[in-house]
Amino acid sequence: MPHDFMPGLAGVPAAKSAISDVDGARGVLEYRGIRVEELCASSSYLETAYLLLFGHLPSRGELSKWTEDVTRHRRVKFTIIDLMKCLPEHGHPMDALQAAVAALGMFYPGRNVKDVENNYWSAVRLVAKLPTIVAAWARLRRGDEAIPPRDDLEFSENFLYMMTESVPPAVWSEVFDDCLILHAEHTMNASTFTGMITASTLADPYTVVASSIGSLKGPLHGGANEEVVQMLKEIGTPGHAREFVVQRLADKRKLMGFGHRVYKVKDPRAVILQSLSVKLFKACGSSPLYDVAVEVERAASEHLDAKGIYPNVDFYSGIIYDKMGIDVDLFTPLFAMARVSGWLAHWLEQLHENKLFRPDQIYSGEHNRSYVPLNERS
Ligand code: CMC
């Protein structure tokens, strides 16, 4: 039966899912029916990851087992660290992360995805180890040794500790943990769909996550957070923002961190991230990038509001990470180490009723051509 071709599959449902929902007209994002604003106010990243993966808020006992399991599995084998030491230090951290995650799968027998117990431990390992890999790469590439995780520190606190070898101020961990919540899941985005395609072949979860990481890297998706901060640094001062925006749009170039396939209002995650950045700057001093960003948003709104183009999740997140001293090219890996819980939630959900993704195409080429021998070709 012929179907209309929808470029980018815009508006085409690719799955039935109970994990998250976006109301793009009202700017509402819910995980398992709970709004992200409420999760940021009351939950932690690890609790939210449990909610996404297993469908309900954990009981006290479930949360303490989940937290203990993740905490115990944060370490990565020394061979993974050795492998990372062999990678070129100027390579992009997303490539290092993808390589390390693919390699992780070689250490853990995850081939039988019908084994519920094994799937649980795969999810624990991936949620636990991605931050360790990201922090390890941040240090290894400049010749420092990786810092092992500390079991007495909470998830976000431990990550920031592994980056710097010092326990961060409480406000940093709180803000960072909320950033992870906001990046944990977002319906049928490109990296989730990529993972679901891989998962539909019954590939193991390490391969699923490695393929999602590859998809997240691109500047139209997770890679935008890196480009936003580069753009804000290029603008330099709030006074230059308006001129930059006008010129960029006149050149028919996109403003990074703006626009979304689903949201036609300001992304609710951008709203929360903006207020988290203000919270951070109140505690730790201002950031010149924030003032530039606010001016860019103001100038852009005069041109883009009418088209339903507003700041998305990537617009204010990098300003926060920059203030914490994290290198710009590590921003997308931070996105990945949060989004892994969403990718895995979709993997687990899809396994219940798996069907191989094998879409159709509309052939636009020729038929019945003859093979021309090499010496007869012009
Ligand atoms: N700046 C200026 N114009 C834009 C922008 C933007 N950021 N985004 C879309 N438009 C315009 C675009 O030029 C086009 O205009 P026209 O109809 O006149 O040709 C129209 O809006 C539709 O754009 P599109 O690219 O066809 O729309 P889409 O739904 O395929 O794009 C998007 C969604 C996110 C790829 C796009 O908005 C974009 O490239 N944004 C910049 C990159 C970015 O911030 N990506 C992060 C996305 S959210 C988080 C994530 O997924 O990681």
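Note on numbering: residues in each chain are counted from 1, in written sequence order. Since the coordinates come from a predicted model, pLDDT governs what is reported: local features require at least 70, and pairs of side-chain atoms require 80 or more to be given and counted, while whole-chain, interface and lining totals use all residues. Computation of side-chain values covers all heavy atoms of the structure but excludes hydrogens and water.

Naming follows an unreviewed UniProt entry, where the protein chain appears as Citrate synthase of Nitrospira japonica. Under the Sequence similarities (unreviewed entry) heading, UniProt states for the protein chain: "Belongs to the citrate synthase family." Quoted verbatim from the Catalytic activity (unreviewed entry) field of UniProt, the annotation for the protein chain is "oxaloacetate + acetyl-CoA + H2O = citrate + CoA + H(+)". UniProt positions are given in the numbering used here, feature names are shortened, and annotations may be inferred rather than shown by experiment.

> Explain the site of the ligand to me, please; I cannot follow it from the model alone.
The cutoff for a nearby residue is simple: one of its non-hydrogen atoms must lie within 4 Å of the molecule or strand. The ligand sits among 20 residues. The nearest are His221, Lys254, Leu255, Phe258 and Arg261. N or O atoms within 3.5 Å of each other form a polar contact, as long as, within protein, one can give a hydrogen and the other can take it, and as long as residues adjacent in sequence are counted only when both atoms are side-chain atoms. Between Lys254 and the ligand, the recorded distance is 2.6 Å, taken from a side-chain N or O atom to an oxygen atom. Between the ligand and Leu255, the relevant distance is 2.7 Å, taken from a nitrogen atom to a main-chain nitrogen or oxygen of the residue. Out of a free accessible area of 930 Å², the ligand has 68% covered by protein chains. A cavity here means a set of 1 Å grid points, computed over protein atoms only, where a 1.4 Å probe fits but cannot escape. A pocket is an open set with protein on both sides within 12 Å along at least 5 of 7 lines, and lining residues have an atom within 4 Å of a point. Each molecule is checked against the cavity or pocket grid, and it sits inside if more than half of its atoms lie within 2 Å of the grid points. Judged by the proximity of its atoms to the pocket grid, the ligand belongs to the largest pocket. Looking at the shell around the ligand residue by residue, the classes come out as 10 nonpolar, 6 polar and 4 charged. Under the convention used here, a 1.4 Å probe and the Shrake-Rupley method define accessible areas, while residue burial counts only the protein chains that appear. As a working rule, the residues Ala, Val, Leu, Ile, Met, Phe, Trp, Tyr, Cys and Pro are called nonpolar, Asp, Glu, Lys and Arg charged, and the rest polar, with Gly in that last group.

> Please explain the pairing of strand S2 (residues 28–31) as it appears in this structure.
Side-chain positions along a regular strand alternate between the two faces of the sheet. At least two bridges found by DSSP between two strands are what make those strands a pair. The secondary structure listing takes helices from DSSP runs of H or I that are at least 4 residues long and strands from runs of E that are at least 2 residues long, numbered from the N terminus. In the sheet, strand S1 (residues 20–23) pairs with S2 via 4 bridges, with the strands oriented antiparallel. Within the sheet, the bridge partner assigned to Val22 lies in S2 and is Leu29. Between S1 and S2, which follow one another and run antiparallel, lie 4 residues, and Gly27 among them has a positive phi close to 75 degrees. Of the strand pairs in this sheet, S2 and strand S3 (residues 34–35) are connected by 2 bridges, and their pairing is antiparallel. Looking at the pairing, Tyr31 lines up with Ile34 of S3.

> Which parts of the structure should I look at to understand the UniProt feature "active site" (unreviewed entry) in the protein chain?
Per the UniProt record, "active site" (unreviewed entry) is annotated on His260 and Asp314. Despite a sequence span of 55 residues, these residues sit close together in the fold, their greatest C-alpha distance being 10.6 Å. Taking the annotated residues in turn, His260 and Asp314 line the largest pocket. Within the secondary structure, His260 sits in the loop between helix H12 (241–250) and helix H13 (268–284). Overall, His260 belongs to the partly exposed group, its relative accessible area being 25%. Note on contacts: a residue pair qualifies if any of its non-hydrogen atoms lie within 4.5 Å across the two residues. Leaving out residues up to four positions away in the same chain, His260 has contacts with His186, Asp267 and Arg269. One polar contact links the side chain of His260 to the main-chain amide nitrogen of Val262, over a distance of 2.9 Å. Note on exposure labels: buried denotes an accessible area under 20% of the residue type's maximum, exposed denotes more than 50%, and partly exposed covers the range between, all computed with a 1.4 Å probe on protein chains only.

> Looking at this model, I keep getting lost on the packing of aromatic side chains. Mind explaining?
Two measures describe an aromatic ring pair: the distance that separates the ring centres and the angle between the ring planes. To pair, rings of Phe, Tyr and Trp, with the six-membered ring standing in for Trp, must have centres within 6.5 Å; the planes then decide the type, stacked if under 30 degrees apart, edge-to-face if over 60, and tilted in the middle. On inspection of all chains with the given rule, the structure shows 16 aromatic pairs. Note on Phe54 and Tyr120: the rings are 5.9 Å apart at their centroids and 35 degrees apart in plane angle, and the pair reads as tilted. A residue pair is termed long-range when its members are at least 10 positions apart, and Phe54 in helix H2 (residues 45–54) and Tyr120 in helix H6 (residues 116–140) qualify at 66 residues. Residue class for Tyr120 comes out buried when judged on its relative accessible area of 18%. Of note, Arg150 hangs over the ring of Tyr161, and the distance from its end group to the ring centre comes to 5.1 Å. Counted as over-ring charges are cases with an Arg CZ or a Lys NZ within 6 Å of the ring centre that also lie within 35 degrees of the ring normal.

> I tried to follow the packing of H2 against helix H16 (residues 331–351) on my own but got confused; where do I start?
When two helices pack together, you describe them by how their axes are tilted relative to each other and by the distance separating the axes. Under this scheme, a helix contributes an axis fitted over its contacting stretch, all axes are lines through C-alpha atoms, and angles between N-to-C directions fall in the 0 to 180 degree range. Here H2 crosses H16 at 20 degrees, and the two axes come no closer than 8 Å. Classified by the angle their axes make, H2 and H16 are roughly parallel. The two elements H2 and H16 meet at a crossing, and its hand is right-handed. Contacts between H2 and H16 pair Tyr45, Ala49, Leu52, Leu53 and Phe54 from the former with Met337, Ala338, Val340, Ser341, Leu344, Ala345 and Leu348 from the latter. Working rule for angles: under 35 degrees goes down as roughly parallel, over 145 as roughly antiparallel, 65 to 115 as roughly perpendicular, anything else as oblique. Helix crossings fall into two classes, left-handed where the near helix is turned counterclockwise from the far one by less than a right angle and right-handed where it is turned clockwise.

> Explain the layout of surface pockets to me, please; I cannot follow it from the model alone.
In this approach the atoms are scanned with a rolling probe the size of a water molecule, which exposes any empty space left behind. Looking at the largest pocket, its volume works out to about 1,600 Å³. Lining the largest pocket are 48 residues; nearest its centre among them are Leu220, Gly259, His260, Arg261 and Val262. For the lining of the largest pocket, the secondary-structure elements that each account for two or more residues are S1, helix H9 (190–199), helix H14 (288–304), helix H15 (313–323) and H16. Of the residues belonging to the lining of the largest pocket, the class tally is 22 nonpolar, 15 polar and 11 charged. Domain limits in this description derive from either an automatic procedure or a database domain assignment. Composition of the lining of the largest pocket by domain shows at least three residues from each of domain 1 (17–217 + 327–352) and domain 2 (224–323). Grid points are joined across faces, edges and corners, and a volume is the space filled by probe spheres set on the points.

> In this structure, what is going on with the sheet that holds S3? I would like to understand it.
Hydrogen bonds between backbone groups are what pair the strands of a sheet, and the pairing can be parallel or antiparallel. Overall, antiparallel pairing links the 3 strands, which are arranged S1-S2-S3 in an open sheet. The sheet terminates laterally at S1 and S3, the two strands that pair on one side only.

> How should the side chain of Asp69 be read in this particular structure?
Tracing the chain through its elements places Asp69 in helix H3 (residues 60–72). With a relative accessible area of 8%, Asp69 lands in the buried category. The contact partners of Asp69, leaving out residues within four places of it in the chain, are Tyr120, Trp121 and Val124.

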